[in-house]
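Single-letter residue listing:
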Amino acid sequence: MANDTVATTKPVTPTYATEFGAVAPPSELAPIHQLVGVTVAIILAGGRGTRLGPLTDWRAKPAVPFGGKFRIIDFALSNCVNSGIRRIGVCTQYKAQSLIRHMQQGWSFLDGRLNEFIELLPAQQRLQPAWYEGTADAVFQNLDILRRYDPKYVLVLAGDHVYKMNYGKMIRDHVLHDADMTIGCIEVSLEHARSFGVMTIDESSRIIAFAEKPRDPTPLPGRTDVALASMGIYVVSAPFLYDTLARDAQLPGSTRDFGKDLIPYAINHDYRIFAHPFGASCVNVTGADPYWRDVGTIDAYWEANMELAKVTPDLDLYDAQWPIWTHQEQLPPAKFVFDDDGRRGTALDSLVAGGCIISGSTVRRSLLFSNVHVHSYCTMEDTVVLPNVDIARRVVLKRCVIDKDCRLPEGLQVGVDPESDRRRFHVTDSGITLVTPEMLGYKVHYSR
């Protein structure tokens with residue numbers, strides 16, 4: 001199709017819109033299980049995650065551990081599987097080795113004989129000698145693979161957010177509106193809205209304006225404190241996606257990004273772009289607002305982990321009806337030893353994973369991932385400890401994140417003297433200290 005045709009002509013409503021009753025009343029729509037059955041999910045997992053600092057020096061952001069035993073990408077993947085979407089592509093690019101290993105170990109249970117799969121889609125330069133240039137380009141460079149799947153809807157997801165969502169309800173909403181594209185959205189404060197794509201909608205939830213990371217976000221109608229922000233979750237009708245990506249790939253000056261380029265273009269050219277409120281498909285809402293976290297900074301990452309130690313956290317990890325799947329090592333149960341005055345192994349308001357040993361130390365409001373060994377006379381408060389960490393005697397940890405494979409020497413104090421911490425470690429503006437093996441003088445990763 002010529003560029004001028006794509007730019008000025010709205011694609012003809014696909015035959016599946018009539019087949020699934022897109023223009024019919026909701027009671028006549030196809031069941032959700034049929035809609036997810038003709039959907040392919042593409043998870044964008046190639047981001048650098050630079051705001052997480054040293055935590056992403058050697059891993060992609062979606063591979064960062066979270067919640068005591070998971071990786072961040074497990075939430076998007078689990079949402080797909082629990083929603084009934086069993087055809088999934090994962091676009092990888094930046095420092096993807098630990099992510100690839102995690103996918104191989106923990107996500108190989110889908111049955112190819114039933115046309116179920118999770119396929120890794122690295123930046124292979126299939127169409128041009130370039131890496132993924134943006135979110136839209138990551139999908140475009142895999143169009144030949146995507147077309148072979150022959151989906152009727154494509155679900156595009158970010159792989160670096162923490163939330164529980166039934167995507168089937170969003171797909172049903174997309175079909176109900178006879179939409180070309182539907183964007184998952186959430187209410188955020190005007191201050192935080194500057195970091196998101198902000199949309200303006202009419203009374204039918206159709207998006208009539210979209211601005212990526214605006215300086216002055218437009219508030220919701222009738223509100224002065226919140227704006228409607230994009231979650232980076234898109235349901236797209238396949239013909240519209242193919243045509244729009246092809247047009248954008250030939251457009252000089254495009255950044256090849258959904259939020260910066262494709263969505264504004266589609267709105268300005270009268271395509272049917274709708275907003276889907278996250279509250280309509282969020283799973284396990286325990287607080288006042290639907291749970292969704294962008295753990296893109298060390299402070300946000302620490303805070304989201306700390307929330308899980310509450311008596312009733314907003315994110316329910318214990319719901320057997322919507323489990324979060326992951327790779328799980330075969331480890332012995334967590335162990336707490338010694339019951340002497342001044343040397344008692346205890347963990348209060350904390351999450352402690354398998355393989356951990358707390359020996360005569362006190363842990364409060366903390367998360368310990370697998371295989372963390374805490375020796376005697378230590379005090380730990382408000383701390384996130386990633387896997388395979390050894391903490392020697394008389395260590396004090398407060399308001400910090402300890403990276404994987406650290407060996408903390410005897411008597412080390414972190415989070416007690418901010419000035420001392422800044423000379424050795426990474427300290428955020430709000431006072432959260434990140435410790436990595438390299439900061440302690442241990443060489444875990446080798447470049448030669």
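Residues numbered from 1 in each chain as written. Predicted model: local features only at pLDDT ≥ 70, side-chain atom pairs only at ≥ 80, totals over all residues. Heavy atoms only, no water.

S.K.: Can you walk me through the overall build of the protein in this structure?
M.R.: Regarding its fold elements, the protein presents 13 helices and 29 strands. Counting only C-alpha atoms, the protein reaches 75 × 50 × 40 Å along its principal axes. Long-range pairs, those at least 24 residues apart, make up 60% of the contacts in the protein between residues at least 6 apart in sequence. Per element, the accessible surface of the protein, about 20,000 Å² overall, is 49% carbon and sulfur. In the protein, which carries 46 positive and 52 negative side-chain charges, the distance between the mean positions of the two groups comes to 5 Å. (Helix = DSSP H or I, 4+ residues; strand = E, 2+ residues; numbered from the N terminus. Contact = heavy atoms within 4.5 Å. Areas by Shrake-Rupley, 256 points an atom, 1.4 Å probe, with all protein chains shown as cover. Lys, Arg positive; Asp, Glu negative; His and termini not counted. Charge placed at Lys NZ, Arg CZ, Asp CG, Glu CD.)

S.K.: I would appreciate a short explanation of helix 5 (residues 97-106) in the present structure.
M.R.: Note: α-helices contain 3.6 residues per turn, so residues at a spacing of three or four share the same orientation. Along helix 5, the positions that sit buried rather than exposed are S98, L99, H102, M103 and G106. Projected down its long axis, helix 5 shows its buried positions confined to an angular sector of 140 degrees, all on one face. Of the exposed residues in helix 5, those oriented more than 90 degrees away from the buried face are Q97 and Q104. Residues of helix 5 that are buried make contact with strand 3 (70-71), helix 4 (73-83), strand 4 (87-92) and strand 5 (117-122). (Buried < 20%, exposed > 50% of the residue type's maximum accessible area, 1.4 Å probe, protein only. Arc of directions from axis to C-beta.)

S.K.: Whenever I open this one, helix 4 confuses me. Can you help?
M.R.: Of all 11 residues in helix 4, 10 are buried, a share of seventy percent or more. Every buried residue of helix 4 is accounted for by I73, D74, F75, A76, L77, S78, N79, C80, V81 and S83. Once helix 4 ends, the next one or two residues include G84, with phi positive near 95 degrees.

S.K.: How should the pairing of strand 9 (residues 197-201) be read in this particular structure?
M.R.: Successive residues of a regular strand alternate their side chains across the two faces of the sheet. Of the strand pairs in this sheet, strand 9 and strand 10 (residues 207-212) are connected by 5 bridges, and their pairing is antiparallel. In the sheet register, T200 faces strand 10, and the bridge partner there is A209. Between strand 9 and strand 10, which pair antiparallel in sequence order, lie 5 residues; one of them, S205, sits at a positive phi of approximately 75 degrees. (Pairing = 2+ DSSP bridges.)

S.K.: Sorry, what's going on with the packing of aromatic side chains here?
M.R.: For any two aromatic rings, the description comes down to two numbers: the centre-to-centre distance and the angle of the planes. Per the counting criterion, the structure on display carries 11 aromatic pairs. Summarising the aromatic geometry, the rings of Y234 and F258 are spaced 5.0 Å apart at their centres and angled 35 degrees between planes, so their arrangement reads as tilted. Of this pair, Y234 sits in strand 11 (residues 226-237) while F258 sits in helix 11 (residues 258-268), and the two are 24 residues apart along the sequence. Arranged with centres 5.1 Å apart and planes meeting at 55 degrees, the rings of F240 and Y271 form a pair that is tilted. Of this pair, F240 sits in helix 10 (residues 238-249) while Y271 sits in the loop between helix 11 and strand 12 (273-277); the two residues are 31 residues apart in sequence, bridging distant segments of the chain. The exposure classification of F240 matches that of Y271, with both residues buried. One residue, R147, lies across the ring of Y242, its end atom 4.1 Å from the ring centre. Taking NZ or CZ as reference, R247 lies 3.5 Å from the ring centre of Y265, over its face. (Phe/Tyr/Trp six-rings, centres within 6.5 Å; stacked < 30°, edge-to-face > 60°. Lys NZ or Arg CZ within 6 Å of the ring centre and 35° of its normal.)

S.K.: Sorry if this is basic, but what is going on with the side chain of D261 here?
M.R.: Here D261 lies in helix 11. Buried within the structure, D261 lacks any salt-bridge partner; its nearest side chain of opposite charge belongs to R256, at an N-O separation of 6.6 Å. Filtering out sequence-adjacent residues up to four positions away, D261 remains in contact with D248, S254, T255 and R256. (Salt bridge = Lys/Arg side-chain N within 4 Å of Asp/Glu carboxyl O.)

S.K.: How should the environment of L44 be read in this particular structure?
M.R.: With respect to the secondary-structure elements, L44 resides in strand 1 (residues 39-44). Accessibility expressed as a relative area gives 17% for L44, which makes it buried. C-alpha of L44 to C-alpha of A158: the two residues are 114 residues apart in sequence and 5.0 Å apart in space. Among residues more than four places away in sequence, those in contact with L44 are C91, T135, A138, V139, V156, L157, A158 and G159.

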